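Summary of the model geometry
Chain by chain, the residues:
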Amino acid sequence: MKTYAIPDVPDIGSIQELADALSVAMTAGIRVLTPSGKLLVHDNRCGSFYREIFSASPVADAAYRQFASEFCACGESVFSIRFCPITGLTDVLINITYDDSPVVALLMEGIRLSENAVCDDRYREIARSLQVDETVYLNRIHALPLFHAEHLNHILSLLCLTIKHLYRLVHTNLNLKSTVHSLEDQESLYLREKNVLEGLAERDSMTGLYNRRKFEESVAFYSEQKDRNICMISADANFLKLTNDIFGHEAGDMLLQNIAKIMDELSKSDWLVARCGGDEFRAILPDTKLETALDYCRRVARNCRLDKSLTLPLSVALGAAEWNSSAETLQDCFSRADVKMYQNKTALKHELQIPNYIMERLYDRQVLNKEVAEDIAELTCRFAVYLQFSKEQAREISLAAHYQDIGMAKLPESFVIRGQFRTEEETSQVHMHVAHGYTMARQFDELYRIADIIHCSHENWDGSGYPNNLKGEDIPVEARIIRLATDYVGRTHPTVRGGFYTVEEAIQKLQQESGRIYDPDLTSRFLQFLYNQSM
């Protein structure tokens, strides 16, 4: 059976008021208890009998407490009447239920019932057993009103009926309260959903900036305020397509989010910064002069340059214009800012050398060694000239040697930490860096022509290389040249692991691997080239 916690049931105060009034009317002590018999509110013993007798006698108080405890635990329904031999009086227990579960109980104490009345001698015996003054005890007994059982039953029936109606009201009150709470919850949910929907309606989900719709609404609003200084800014993220093509759309999203964060953090609270789709950002700067707008553009561009969290440079082209409200519309002002932005975008495209930026990031992460990469490129160029390639061809082979490992930029850093143990799967992914390098090289005008050489730069003469297990002369000669120069420089250059080959040891290693890793004819010519260089 379920037992209700007291806070679940309202109007306990009403029950206490009823008990207090009944206590006065019947000159009896009435206590409101929990179903387990613990005092719920306060100890109402209006009749002075208990105050004067029990408070003066610990023996009497202890004996009666034991009786009351056993009486409350009897578990009888509705109401119970029981003679108390300890006091010579009658007690009544009324159990109050709600939804067929016990809620509270009323204990009416010290009722003088005619059917249970005893003689004065018996009362004197009781007084002596309780260690209280016999005369005082007898006087207090006679001061209590005398009830007949039938009268008491009528009173108890009326009390139970009153409580029954009270709890009908309680039940109604609970239902109404539940309905009100439900409506309040629905209203709260509606308001939250309304706020979310309003936010979605005017916010870009990826960056958190305002969207095109909000921007256009703001343009319409400010267009009517021709007496205000308003500046417009057009901004365009650089290299978004390149980032998506090389590193995937997740990296492209991060690029946009980083730019959005910088533009938002550097803006004033009354400015509106919006992403209007793709790589396009716009801003409205009310009560702002052109000098302030240009300063904002410079600070955004600077903070983007300082952000090194991405493999490609974080870069944004910006243009600003101040509204001449007497000669143009606000949209015309934005168009002027847009023209400025495209001019800056063209200039940035020529200024930023993306392949070099990627390589510098690899050097910074210590994935590659800059000095080694430059030495390989320089030695490759000299060897190609020695082999009577044209200067232009030698330059291209050297360029391929320099960028042969650019594809490492697509690998997780944990895969390229020097000296760590790699699983077979990780090793396979590391080998894929040349395929990544091929894909990346084809994205850049300056590397497009050497993409195939990069793709074959890690193949072995016997077909044991990667990524395509090319063999012998199926490997482009440029790639075979790079393979020789790369391994020679790598072995003769100090590394972070410590120790390196002497020139003689490196040459011996080349000779040992000739015909397996290296083209034997090219190996002989390379060793002759090294000999000539040392003379």
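The model shown is predicted, which means the values in this text are computed figures rather than measured ones.

**A closer look at the nonpolar core**
Membership of the largest hydrophobic core comes to 54 residues, with the highest contact counts inside it found for Ile358, Met440, Phe444, Tyr488 and Phe526. If we ignore the near neighbours within four places in the chain, the residues touching Phe526 are Leu379, Phe383, Leu484, Ala485, Tyr488 and Leu510. Listed in part, the 29 residues of the second largest apolar core include Ala235, Ile259, Leu310 and Val316.

**Concerning the pairing of strand E1 (residues 29-33)**
Summarising burial for E1: 5 of the 5 residues are buried, a large majority. By the alternation rule, side chains of E1 split into Gly29, Arg31 and Leu33 and Ile30 and Val32, which are all buried. Summarising the sheet, E1 and strand E5 (residues 101-113) pair through 5 bridges and their orientation is antiparallel. Pairing of Leu33 across the sheet is with Ala105, part of E5.

**Focus on the side chain of Asn460**
Along the chain, the position of Asn460 falls in the loop between helix H17 (451-455) and helix H18 (477-492). Asn460 sits in the buried class, given a relative accessible area of 7%. A distance of 2.8 Å separates polar atoms of two side chains, one belonging to Asn460 and the other to Arg483. With residues near it in sequence (within four places) discarded, Asn460 still touches Gly465, Leu470, Lys471, Ile475, Arg483, Arg516 and Ile517.

**Description of the packing of aromatic side chains**
Evaluation of the coordinates by the stated rule reveals 11 aromatic pairs. Aromatic side chains Tyr64 and Phe67 sit 6.0 Å apart centroid to centroid with 40° between the ring planes, which places their arrangement in the tilted category. Placement of the pair is Tyr64 and Phe67 together in helix H3 (residues 58-72), with a separation of 3 residues, close to one helical turn. On the accessibility criterion, Tyr64 (1% relative accessible area) is buried. Centre to centre, the rings of Phe383 and Phe526 are 5.0 Å apart; their planes meet at 75°, and the pair counts as edge-to-face. Taken together, the positions of Phe383 in helix H13 (residues 370-386) and Phe526 in helix H20 (residues 520-534) put the pair 143 residues apart, joining distant regions of the chain. Phe383 sits in the buried class, given a relative accessible area of 0%.

**Things to note about the sheet that holds strand E7 (residues 230-237)**
Strand order across the open sheet formed by 4 strands is E8-E9-E7-E10, with antiparallel pairing between neighbours. The strands lining the two open edges of the sheet, one partner per strand, are strand E8 (272-275) and strand E10 (316-322). Across the sheet, the axes of successive neighbouring strands diverge by a mean angle of 15°, strand direction being ignored. Here 7 bridges tie E7 to E10, and the two strands are oriented antiparallel to one another. Of the residues in E10, the one forming a bridge with Asp236 is Ala317. This element, helix H11 (residues 330-351), spans E7, strand E9 (280-286) and E10 of the sheet and lies at about 145° to E10.

**Some words on the confidence of the model for the protein**
On average, residues of the protein score 85 in pLDDT, and 87% of them are at 70 or above. Note that pLDDT drops below 50 for residues 1-10; the model gives that stretch 23 contacts with residues more than four away or on any other chain.

**Here we look at the pattern of salt bridges**
Counted according to the given criterion, the structure contains 22 salt bridges. Ionic pairing is found between Glu134 and Arg124, a salt bridge with its closest N-O pair at 3.8 Å. Within this pair, whereas Glu134 is found in helix H5 (residues 134-143), its partner Arg124 is found in helix H4 (residues 120-129), the two being separated by 10 residues in sequence. Judged by its relative accessible area of 29%, Arg124 falls in the partly exposed class. Ionic pairing is found between Arg480 and Asp519, a salt bridge with its closest N-O pair at 2.6 Å. A residue pair is termed long-range when its members are at least 10 positions apart, and Arg480 in helix H18 and Asp519 in the loop between helix H19 (503-513) and H20 qualify at 39 residues. Overall, the relative accessible area of 7% leaves Asp519 in the buried class.

**Overview of the packing of helix H8 (residues 240-247) against helix H9 (residues 249-266)**
The geometry of H8 relative to H9 is characterised by a closest axis approach of 7 Å and an angle of 150° between their N-to-C directions. Packed against H8, whose contacting residues are Leu240, Thr243, Asn244 and Phe247, the element H9 presents His249, Ala251, Gly252, Leu255 and Leu256 at the interface. Of the residues belonging to the contact of H8 with H9, the class tally is 5 nonpolar, 4 polar and no charged.

**So, unusual backbone geometry**
Following Tyr466, the chain continues to Pro467 via a peptide bond in cis, the omega torsion being 15°. Structurally, the position occupied by Pro467 is in the loop between H17 and H18. A positive phi angle, near 55°, is found at Asp287, a position not held by glycine. Looking at where Asp287 falls in the secondary structure, it is placed in the loop between E9 and helix H10 (290-306). In this structure, Gln388 takes a positive phi of about 70° despite not being glycine.

**Some points on the packing of H9 against H10**
Between H9 and H10, whose axes approach to 10 Å, the crossing angle comes to 140°. Considering the angle they form, H9 stands oblique to H10. The two elements H9 and H10 meet at a crossing, and its hand is right-handed. Across from Ile259, Ile262, Met263 and Leu266 in H9, the residues of H10 making contact are Tyr296, Arg299, Val300, Asn303 and Cys304. The residue inventory of the contact of H9 with H10, partitioned by class, reads 7 nonpolar, 1 polar and 1 charged.

Rules of the game
- Residues numbered from 1 in each chain as written.
- Predicted model: local features only at pLDDT ≥ 70, side-chain atom pairs only at ≥ 80, totals over all residues.
- Heavy atoms only, no water.
- Core = buried A, V, L, I, M, F, W, Y, C linked by side-chain atoms within 4.5 Å.
- Buried < 20%, exposed > 50% of the residue type's maximum accessible area, 1.4 Å probe, protein only.
- Contact = heavy atoms within 4.5 Å.
- Helix = DSSP H or I, 4+ residues; strand = E, 2+ residues; numbered from the N terminus.
- Pairing = 2+ DSSP bridges.
- Polar contact = N/O pair within 3.5 Å; in protein donor to acceptor, adjacent residues only side chain to side chain.
- Phe/Tyr/Trp six-rings, centres within 6.5 Å; stacked < 30°, edge-to-face > 60°.
- Axes fitted to C-alpha atoms, helices over the stretch in contact; angles between N-to-C directions.
- pLDDT = per-residue confidence, 0-100.
- Salt bridge = Lys/Arg side-chain N within 4 Å of Asp/Glu carboxyl O.
- Nonpolar A, V, L, I, M, F, W, Y, C, P; charged D, E, K, R; others polar.
- Parallel < 35°, antiparallel > 145°, perpendicular 65-115°, else oblique.
- Left-handed = near helix turned anticlockwise from the far one by under 90°.

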